[in-house]
Structure formats: structure tokens, C-alpha cells
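Spelled out from the first residue to the last, the chains are:
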Amino acid sequence: MSRYTKKDILEMVEEEDVEFIRLQFTDLFGSMKNLAITASHLKKALNNQVMFDGSSIDGFVNVDESDMYLYPDYSTFAMFPWRPQQGKVARLICDVYRPGGTCYEGDPRYILKKVVSEAAGEGYTFQVGPECEFFLYHLDDNGMPTNITHEQAGYFDMGPLDFGENARRDMVLALEGMSFEVEASHHENSPAQHEIDFHYDDALAAADNIMTFKLAVKTIARRHGLHATFMPKPKEGVDGSGMHINMSLSRDGVNIFRDDRDPNRLSREAYYFLGGLIRHIKGMTLVLNPLVNSYKRLVPGYEAPSCIAWSAKNRTPLVRIPAIGGEDTRIELRSPDPACNPYLALALCLAAGLDGMRNRIEPPASLDRNVNELSRAELKELGVESLPRNLKEAVDEFEKDPLIREVLGEEACRKYAEAKRQEWEAYNAHISGWELDNYLLRI
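Everything numeric here is computed off the predicted structure, so don't read it as measured data.

Enquirer: Teacher, can you tell me more about the pattern of salt bridges here?
Expert: Note that side chains of opposite charge can pair when their charged atoms are close. Inspection of every chain in the model, using the stated rule, returns 26 salt bridges. A salt bridge links D259 to R261, with the nearest nitrogen and oxygen atoms 3.1 Å apart. Take D259: its relative accessible area is 18%, and that puts it in the buried class. Of the charged contacts in the structure, one is a salt bridge between R405 and E410, with a shortest N-O distance of 3.7 Å. A relative accessible area of 29% places R405 in the partly exposed class.

Enquirer: Any chance you could explain unusual backbone geometry here in plain terms?
Expert: Both trends apply: most residues other than glycine have a negative phi, and most peptide bonds are in trans. In the segment running from G159 into P160, the intervening peptide bond is cis, with an omega of 10°. If you trace the backbone, P160 turns up in the loop between β7 (125-138) and α4 (165-177). For N48, which is not glycine, the phi dihedral falls at a positive 65°. On the secondary structure map, N48 appears in the loop between α2 (42-46) and β3 (50-53). Phi is positive for S179, which is not a glycine, with a value near 75°.

Enquirer: Help me understand the pairing of strand β2 (residues 32-38) in this model?
Expert: Two faces make up the sheet, and in a regular strand the side chains alternate between them. Here strand β1 (residues 18-26) runs beside β2; their pairing, made up of 7 bridges, is antiparallel. Note that in β2 the partner of Q24 across the bridge is N34. Counting the residues in the hairpin turn of β1 and β2 gives 5 residues, including G30, whose phi is positive at 95°.

Enquirer: For this particular structure, what's the right way to read the side chain of E151?
Expert: Relative to the helices and strands, E151 resides in the loop between β7 and α4. Within polar-contact distance, the side chain of E151 engages the side chain of H187 at 2.5 Å. In terms of polar contacts, E151 uses its side chain to reach the backbone amide nitrogen of A192, at 2.5 Å. Excluding anything up to four places from it in sequence, E151 contacts L161, D162, F163, G164, H187, P191, A192 and H194.

Enquirer: Teacher, can you tell me more about the pairing of β1 here?
Expert: Summarising the sheet, β1 and strand β6 (residues 88-97) pair through 6 bridges and their orientation is parallel. Of the residues in β6, the one forming a bridge with F20 is V89.

Enquirer: Looking at this structure, I do not really get the nonpolar core. What am I missing?
Expert: Nonpolar side chains tend to gather and get buried jointly when the protein is soluble and globular. Grouped together as the largest cluster of nonpolar side chains are 98 residues, with contacts concentrated most on F213, L249, F273 and L408. In this structure F213 touches C132, F134, L175, F180, I196, F198 and F230, once residues within four positions along its chain are discounted. Listed in part, the 26 residues of the second largest apolar core include I57, L70, F77 and V96.

Enquirer: Please clarify how helix α1 (residues 6-15) should be interpreted in this entry.
Expert: In an α-helix there are 3.6 residues to a turn, and that puts residues three or four apart on one side. Listing the buried residues of α1 in full gives I9, M12 and V13. Seen end-on, α1 carries its buried residues on one side only, within an arc spanning 100°. Of the exposed residues in α1, the ones pointing more than 90 degrees away from its buried face are K7, E14 and E15. On the buried face of α1, the contacting elements are β1, α2 and β6.

Enquirer: Can you help me understand helix α6 (residues 268-288) in this one?
Expert: The terminal C-alpha atoms of α6, which comprises 21 residues, lie only 26 Å apart, well short of the 30 Å expected from a rise of 1.5 Å per residue. Largest kink in α6: about 70°, centred on I281. Within α6, 17 of the 21 residues are buried, which leaves the element mostly enclosed by the surrounding structure.

The rules behind each value
Numbering of residues starts from 1 in each chain and follows the order in which that chain's sequence is written. Thresholds applied to this predicted model are a pLDDT of at least 70 for local features of residues and 80 or more for the giving and counting of side-chain atom pairs; totals over whole chains, interfaces and linings are not thresholded and use all residues. Excluded from the side-chain calculation are hydrogens and water; included are all heavy atoms of the structure. Should a side-chain nitrogen of Lys or Arg be within 4 Å of a carboxyl oxygen of Asp or Glu, the pair is scored as a salt bridge. Here's how the labels work: a residue is buried when its accessible area is under 20% of the maximum for its type, exposed when over 50%, partly exposed in between, all with a 1.4 Å probe on protein chains only. Numbering of helices and strands starts at the N terminus; helices are DSSP runs of H or I of at least 4 residues and strands are runs of E of at least 2. Should DSSP find at least two bridges between two strands, the strands are regarded as paired. What qualifies as a polar contact is a pair of N or O atoms within 3.5 Å, subject to a donor-acceptor requirement within protein and to the restriction that residues adjacent in sequence count only when both atoms come from side chains. Working rule for contacts: check all heavy atoms of both residues, and any pair within 4.5 Å makes them a contact. Residues belong to one nonpolar core when they are buried, are Ala, Val, Leu, Ile, Met, Phe, Trp, Tyr or Cys, and are joined through side-chain atoms within 4.5 Å. Relevant arc is that of directions from the helix axis to the C-beta atoms, nothing else. Here, expected helix span is obtained from the residue count minus one, scaled by 1.5 Å. Bending is quantified residue by residue as the angle between axes fitted to the seven-residue window ending at that residue and the seven-residue window starting at it.

So this is what it looks like as C-alpha cells:
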């Protein structure tokens, strides 16, 4: 149930001198969209009467069915703390509907709500804690982004080594001004790389928070004369940016993944949930790692995983079980990157885990060794498979898994796969700097 009513929102807009309200939603590929209205049109928006052209949104509908409506979720009302304090700007995150009042089945937020509702019907609440990484780079003389930094800070370094410390501080303050509970922020491994972690929440709120987080980080970075990028691997030779997803299920407020008698402190439900994740991870990868560039991060020798394995004893495999235990027992999936659509990513993680629980899918034996130190021959001998190595392999695996079609729907799956195959073909047709460096002179 929303913490705000229509009356509450109208009163806050008047009392707080809000002049503009942004009606936000997310397209199939994870880009935030918005339609700005003035306060004088807010009643119309709250009555679900704001229409837009859905055919102009990537992955939505054709021109012959283009009329769509935005239904604001009252609980997402928030003011942007970085905007002017006179004539303030607020936002409402919206669901997308067809004419006649039916949910648009290709709306990513609807897809997540549908899976969350299925879990709730079985008595479960899906809790999620994301760990979002990003880079802060210089702008060029025209204000365009670069991947240049003069910083040389590393993990947990602070100023003056950490050039982005002040920007990160303002990001945290802005997020807290929007009622985020920020647990920690710090410099990451690579130069100019940062992480901000926010508190566990239910899946829908977590996905909404990730989208808001990206907007806030990019906006505050610009105010510091920097560009924040969530590109998974913007620079070769350094670790890329991930978005680790920490997951747990609760029933009646109790974490059902917890079993203090087990050596790994995991319940049978947790093992089955883990088994489902591992069973479906290849098909899910296209959504968790949606770009050509995503697969430059998922290579051996860096912090990101490339092998399908799990452990409660080290952090190099695909899935790790943090040592914290107790009511904080959780499963951490390490492959997703921040370019993903969080609504689709969380929907698939939950659906895969539930499939594991319903069908009692056992995970493979844990691999309690540093995966990065194992050769291909050793991994093969241990029966350890790899994640898709590029976008094409990911599309192939995506199309083979019936669970993906069940969760996303046939139409959204077709559009998503088609777009990603086109991206792969465009990438293959491109002549890279590496090719010119290695072939132009010698051949």
C-alpha cells in the first residue's frame, strides 16, 4: 500500500512550491524516460489520464497501437534535491497501461511486479541489496564525456588520492535527500571507480532505487564537471564495473535462507534457489549483461566472474555466500553489470530461484578455490562451465531457455533478442583501433 494518497501528493506539491513533476518510466532496454508536466496538470496525471506515443519508445509497441497511458505509483513521489528550491521539481515513477485500463505486458516494471506477485502468492517476499559501481571521468572541451582520468586511487583510498571524494559525498547527500538509506560508499579497485551501496529493500523498490540512483549519480557528477558512466568496461587493463545483486527470501518476516546448523549456514530452500540460478544463468546473461561491452568485463584475470560456480569460502566464483549469516544470510550474484535493466534482471533472478525451489534443483558442489588461478583444463576436469563469452552466445542461450520466455513474454523476448542481434552485427562490422594497430602496417 502506498504511503501517500492523491490528496497527500496534491497538498505536498502546493506546500513545497513544486512547479514541475516528471512522470518517469523505463523502456525495455533499461533507459529511463520521462514526461514533464506542470503542477496545474497534476490532477490529470494522478487520474491516469496522461497519454504518450508508445511506438516512439524502444522495444514497446508498433505505430498502429501507439496510444499508451502513464499510471503514477503514488509511493514513488519524491522531490529532486539538486533542483531549485523555488519552483521545485518532483517525480513519480509510472506503470505503463494500454487504453482501456489493461497493463502493458512489455512494461519492465509490470514484468517484475508479476513475478513478485507470484512469489507473494506462495508466501515469499524477495529482498534485494544492489552494489552499484561506476566511473567518474573528465569531460572534453565541448562538455562531452571521455574515459580519461588523472587519478591513481585504488580500493578504499581516500582524498587527496581519491579525486572523486567530494562528488561521491554530494551523491550520497542527494540520495539521502530522496529517502535512500545509504549503507556505505567508497573508492573501488580501478582509478576513478566508485561504489555506493544502499539498504536492502523489496524487489520493486530496489529496482526503482537503481534507476533513481543512476539519475542522481549522473546529475551530481555533471555539477562537479565530471561524467559518471555505468558502462561495464570503459577502459582496458583495469577492473570493470559490476552490479552485484544480494538476494534473500523471507516468509512472515523471517529469512528462509538461514539455517545455522548447515556448514554453509544455508537452508534447503536456499540451496534450491541457488540451483535455479545456476540452472538458468546462461539464458539470463543477456539481460544481466546486455551490451557488447559487458563481455569485455566477464573475462578471466579480473574481479568479474566468467565461470559458473559458487562458494561460501571465497569471492571469485559467479555466486558467493557472504560469511555474515544469521538473519542477513543471502546469496550474492556477481555477474550482473550496471548497464542492465534492473526490473528485468530482478524478475529473472527471482523466477529462476523460485523454479529451483519448486523443482528441488540441487546446485553443483561448491568450488572453494580461487577460480582465477585454475586453468581451462582444470576447470573442464572439474566440470565447471563458462558464462557466454560474447553477446551472440548470450542471445543464443537467451532464446533456448523457456523460463525466460515465460517471465518476459514472447513479444518482449523477440524484440529484445532482435535488438541485441542487430547490436552484435553492427559491432562485427566496425573496424576497431585494435585491428588498425595490428594489421594496417604489417599486412
